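Close look at the chain arrangement
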Amino acid sequence: MCLLITLLAAVTTTIVWYVQAPNNLYRVSTLCFMYWGASLMWLVDGFFCIAEGEPFLEFSSGDALLGFTVVLCGLAAWVIILLYNDPKNVFKPFRKSSPQK
Amino acid sequence: MACFLAPAAEAIVMTIVKKSMEKKEAQKVVLNSETGASDNHAEAGIPWSRKLSWLTNLLWGGVFLLAIEHIWHGEVVPWPPFLTAMNNPADIMPMLQEIASVGTSMAILVTLVWAVLVIVADHIYKRKSVVVHAAQEE
């Protein structure tokens, strides 16, 4: 379930990126790469599970909750990166203001 | 158990390579502007620093989210020795085997997908450059 939810997030963010492309002001591409990277890694993990006789996907509520938590953490990391880079210079007035002597 | 450490190692190495490529490209731009040489984007293609940023984003993103999963399952903790498998000597060898097999396979697959992405992107860029160049000549 975790892989499926992360794949869904990867596909959704890729669509959002393409709709906005070539404009990448909000760094949606970074979020896309994050989810695709995790999806590829979990895909490998799934194949190794099959090799060990375990099922490829685990359909449990715990794994689904993990999937949503992972997507949320990815979004949180993207927001932090976005705010740090500040592409719209929202924090510029606060950075420029110097203390009055 | 700690399979994400292999892609993390590759991510660190590729980040260092990317930074050095960015410095070289910046120096090349400065040199071109000083000598007055034309910066032919059509021939130069997509900068390697940008291509490497795709790979590092894939790797770091995957490592970060897999680390979340390992914390969820109790395999990684925020205090030393950080990997719970290190507490039991019997678990160390299986952990190292997992890093070598699963972790390395993850790093290889991500790198292969990135290589395909680079080839496709270069092909699209060259095709666009040819179309633009032909339109300018007309």
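Look a little higher up for the structure.
What counts as what
Residues numbered from 1 in each chain as written. Chains lettered and ligands numbered in written order. Predicted model: local features only at pLDDT ≥ 70, side-chain atom pairs only at ≥ 80, totals over all residues. Heavy atoms only, no water. Contact = heavy atoms within 4.5 Å. Buried area = accessible area lost by both parts, 1.4 Å probe. Salt bridge = Lys/Arg side-chain N within 4 Å of Asp/Glu carboxyl O. Polar contact = N/O pair within 3.5 Å; in protein donor to acceptor, adjacent residues only side chain to side chain. Helix = DSSP H or I, 4+ residues; strand = E, 2+ residues; numbered from the N terminus. Nonpolar A, V, L, I, M, F, W, Y, C, P; charged D, E, K, R; others polar. Buried < 20%, exposed > 50% of the residue type's maximum accessible area, 1.4 Å probe, protein only. Axes fitted to C-alpha atoms, helices over the stretch in contact; angles between N-to-C directions. Left-handed = near helix turned anticlockwise from the far one by under 90°.

Quite often, the size of an interface is put as the accessible area lost when its parts meet. Of the residues lining the interface, 21 residues belong to chain A; the matching set on chain B comes to 23 residues. Counting each side, the surface lost to burial between chain A and chain B is near 1,900 Å², with a carbon and sulfur contribution of 86%. In terms of surface lost to chain B, no three residues of chain A exceed Phe33(A), Leu40(A) and Met41(A), which account for 35% of the buried area on that side. On inspection of chain A and its partner chain B, the count reaches zero salt bridges. Where chain A meets chain B, there are one residue pair in polar contact (both at pLDDT 80 or more). Secondary structure elements with two or more residues in the side of chain A that touches chain B: helix 2 (28–51) and helix 3 (61–85) of chain A. Ranked by residue count, the leading element in the side of chain A that touches chain B is helix 2 of chain A, at 13 residues. Taken together, the residues of the side of chain A that touches chain B break down into 15 nonpolar, five polar and one charged.

We now examine the pattern of salt bridges. Residue and element names in this part refer to chain B. Summed over the entire model, instances satisfying the criterion amount to one salt bridge over all chains. Close ionic contact of Asp 122 with Lys 51 constitutes a salt bridge, the shortest N to O distance being 3.0 Å. One end of the pair, Asp 122, is in helix 4 (residues 89–137); the other, Lys 51, is in helix 3 (residues 48–72), and 71 residues separate them in sequence. Classification of Lys 51 as buried rests on a relative accessible area of 5%.

Closest axis-to-axis distance for the helix 2 of chain A/helix 3 of chain B pair is 7 Å, and the angle between their directions is 60°. The interaxial crossing formed by helix 2 of chain A with helix 3 of chain B has right-handed handedness. Note on element contacts: helix 3 of chain B touches helix 2 of chain A through Trp54(B), Asn57(B), Leu58(B), Leu59(B), Gly61(B), Gly62(B), Val63(B), Leu65(B), Leu66(B) and Glu69(B), opposite Thr30(A), Phe33(A), Met34(A), Tyr35(A), Trp36(A), Gly37(A), Ala38(A), Met41(A) and Trp42(A). When its residues are assigned to classes, the contact of helix 2 of chain A with helix 3 of chain B shows 13 nonpolar, five polar and one charged.

Turning our eyes to something else, we now look at unusual backbone geometry. Residue and element names in this part refer to chain A. A cis geometry characterises the amide bond from Ala 21 onward to Pro 22, with omega recorded as 5°. As for its position among the elements, Pro 22 is in the loop between helix 1 (2–20) and helix 2. Positioned with a positive phi, Arg 27 is a non-glycine residue whose angle comes to about 55°. Checked against the element boundaries, Arg 27 lands in the loop between helix 1 and helix 2. Unlike most non-glycine residues, Asp 86 shows phi in positive territory, near 50°. Accessibility expressed as a relative area gives 5% for Asp 86, which makes it buried.

With that out of the way, let us pick up the side chain of Ser49(B). All names here are of chain B. Here Ser 49 is to be found in helix 3. Owing to a relative accessible area of 10%, Ser 49 belongs among the buried residues under this scheme. Beyond its immediate chain neighbours, meaning those up to four positions away, Ser 49 contacts Lys 18, Met 21, Glu 22 and Glu 25.

Interpretation note: all reported values are geometric properties and have no functional meaning in isolation.
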